[in-house]
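Analysis of the macromolecular model
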Amino acid sequence: MIFWMVDPWDALPGEIGIDRGIQVARALLALGHEVVWWQSGFSHAEKKIRAAKFTVLQPEPRLKVMLLPCRGYTSNISAARFLGIADFAWQFTRRQQVEPAADAILVSGPLFFAELTLLYLKLVRRMPLIFEFRDLWPEAIVNAAKGRKRLALQIGFAGFVGLRRLVLRNSDAVLGLNRTYMEIGRREAGARSRAHFAVAYPAPKMTRSSAARPQTAGRAEIWAISSGTLGASHDHRVLLSAAGRLKNSHPHLRFFITGGGPFAAEIAEIIAAASLVNVQFLGALPGAEFQALLHQCDIGLALYRSFSPVVFPTKIVDYLLAGLAVVTSAQGEGGDMLVAAGAGRSVGPENVGDLTAVLSEMAADRPTLAKNKRNALIVAEDFTHERQM
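Residues numbered from 1 in each chain as written. Predicted model: local features only at pLDDT ≥ 70, side-chain atom pairs only at ≥ 80, totals over all residues. Heavy atoms only, no water.

**A word on the packing of aromatic side chains**
Both the distance between ring centres and the angle between the ring planes are used here to describe each pair of aromatic rings. Considering all chains together, one arrives at 19 aromatic pairs under this definition. Note on Phe 88 and Phe 92: the rings are 6.4 Å apart at their centroids and 10° apart in plane angle, and the pair reads as stacked. In this pair, Phe 88 and Phe 92 are both assigned in helix H2 (residues 79–95), four residues apart and thus about one turn of the helix distant. In this structure an aromatic cluster arises from ring pairing among Phe 82, Phe 112, Phe 113, Trp 137, Phe 157 and Phe 160. Over the ring of Phe 54 we find Arg 95, and its NZ or CZ is 4.0 Å from the ring centre. A cation over a ring is seen here: Arg 186 above Phe 197, with NZ or CZ 4.7 Å from the ring centre. (Phe/Tyr/Trp six-rings, centres within 6.5 Å; stacked < 30°, edge-to-face > 60°. Helix = DSSP H or I, 4+ residues; strand = E, 2+ residues; numbered from the N terminus. Lys NZ or Arg CZ within 6 Å of the ring centre and 35° of its normal.)

**Re the environment of Ala 325**
Structurally, Ala 325 can be placed in strand S15 (residues 325–328). Spatially, the C-alpha atoms of Ala 325 and Cys 297 are 9.3 Å apart, while their sequence positions differ by 28 residues. Beyond its immediate chain neighbours, meaning those up to four positions away, Ala 325 contacts Asp 298, Ile 299, Gly 300, Ala 343, Met 362, Leu 369, Asn 372 and Lys 373. (Contact = heavy atoms within 4.5 Å.)

**Observations regarding the pattern of salt bridges**
One pass over the full model with this rule turns up 17 salt bridges. Asp 10 serves as the salt-bridge partner of Arg 134, at 2.8 Å between the closest nitrogen and oxygen. Separated by 124 residues along the polypeptide, Arg 134 in the loop between strand S8 (129–133) and helix H4 (139–144) and Asp 10 in the loop between strand S1 (2–6) and helix H1 (20–30) bring together distant segments of the chain. The exposure class of Asp 10 is buried, given its relative accessible area of 2%. Arg 305 is the salt-bridge partner of Glu 350, the closest N and O atoms lying 3.4 Å from each other. Taken together, the residues span a long stretch of sequence, with Glu 350 in the loop between strand S16 (344–346) and helix H13 (352–364) and Arg 305 in the loop between strand S14 (299–302) and helix H11 (314–321) at a distance of 45 residues. A cluster of three or more residues bridged by salt bridges with shared partners is formed by Asp 10, Arg 20, Glu 132 and Arg 134. (Salt bridge = Lys/Arg side-chain N within 4 Å of Asp/Glu carboxyl O. Buried < 20%, exposed > 50% of the residue type's maximum accessible area, 1.4 Å probe, protein only.)

**Concerning the pairing of S8**
For S8, the buried fraction is high: five of the five residues fall into the buried class. The side-chain alternation of S8 yields two buried faces, one formed by Leu 129, Phe 131 and Phe 133 and the other by Ile 130 and Glu 132. Sheet topology places strand S7 (residues 104–109) next to S8; five bridges connect them, and they run parallel. When the bridges of S8 are listed, Ser 108 appears paired with Glu 132. (Pairing = 2+ DSSP bridges.)

**A short note on the sheet that holds strand S5 (residues 55–60)**
Strands sit in the order S5-S6-S2-S1-S7-S8-S9-S10 across an open sheet of eight strands; the sheet is mixed. Each edge of the open sheet carries a strand with a single partner, namely S5 and strand S10 (196–199). Neighbour to neighbour, the strand axes of the sheet diverge by 20° on average, direction disregarded. Each of S1, strand S2 (34–40) and strand S6 (63–68) touches H2; the most contacted strand, S2, lies at about 140° to it. (Axes fitted to C-alpha atoms, helices over the stretch in contact; angles between N-to-C directions.)

**Overview of the packing of helix H5 (residues 147–156) against helix H6 (residues 158–169)**
Two packed helices can be described by the angle between their axes and the distance between those axes. Interaxial distance between H5 and H6 falls to 4 Å at its minimum, and their mutual angle equals 40°. By the angle between their directions, the pair H5 and H6 is classed as oblique. Contacts from Gln 154, Ile 155 and Gly 156 of H5 reach H6 at Ala 158, Gly 159 and Phe 160. Residues that form the contact of H5 with H6 fall into these classes: three nonpolar, three polar and no charged. (Parallel < 35°, antiparallel > 145°, perpendicular 65-115°, else oblique. Nonpolar A, V, L, I, M, F, W, Y, C, P; charged D, E, K, R; others polar.)

**Quick word on unusual backbone geometry**
Following Gly 109, the chain continues into Pro 110 via a peptide bond in cis, with omega recorded as 0°. Position of Pro 110 relative to the elements: it lies in the loop between S7 and helix H3 (115–123). Omega for the bond connecting Trp 137 with Pro 138 falls within 30 degrees of zero, at 10°, which places this linkage in the cis form. Summarising the element assignment, Pro 138 is placed in the loop between S8 and H4. Notably, Arg 62 is not glycine yet its phi reads approximately 70°, a positive angle.

Geometric descriptors of this kind do not, in isolation, establish any biological role.
What follows is the structure in structure tokens.
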């Protein structure tokens, strides 16, 4: 069978960023299928141009990557990004006409501006459609606004929400990145939908930490890490405020921040201005370096602003696989799972006092922290690459 993957977000081999796309492609290749991956010529994670004109790559046998020229952007929530998505949708609409029909299409959505083309491929060219619900767009944008601006965005994005629902109603299968997204997909697909619904959690291909954790055993310091895209929903201000409060009372608690994004410069400035000697900003790290650092840490931080619709971020799975106790302010499925499993703690979003108190308790109670880390490794069995792929 020939599968089309319509995914302009994920990293290609050798790039920094989420590797879900290439892992899905490799899983399909291992089953004997061919894969055509419609990918952006602009790297979403590295924020740089991959290809200025239409380019076809073949990084592995039976895998063809179609790089579609798109304009770049520096902020994930910006007019420039929407123009880049529109470029991708237009180029995909043009180029798909000369490609042999696929036996199935896997789209990483929501994908603005491409909905009508996807409906054409499903209803006219009769290609089965699998919708992978990866993010809550445009809700993430609307929720970040207030007052009249929020109302204007709700009205402005109403058409995109309607098109998303139309695509879901015509999908043959819906995969949620978590159970919450799957249920949203089921609701929007409608009662008459005959689609198959399933959950495919984030499953990075990563070496799992051993229960012994010799690299951290006996170390006087406790290391906490915050990773991911440093965008508007990432609660770096609360993290740095808590670090400032703990700097003198808990000098053995050290913080590492990794990732890139529009707020990277602000983070570096706050660290310098507040003399946060207990915080180290490392920027975006290559995959091998990032995983090596994770396995040296004790606590993983997944902190979000109150408007964020994120419920189960990929970074939580990264932390669990590395055997870290996790602290999150994401409300819903992810935080509930951590608390129920005894693998971490849930804190209120944008609550400096709550985060400071929880980190103080964890840093002072090493036996409980060690238990949280052991429980994290147990829970991680549900999110292994082998199980989810």
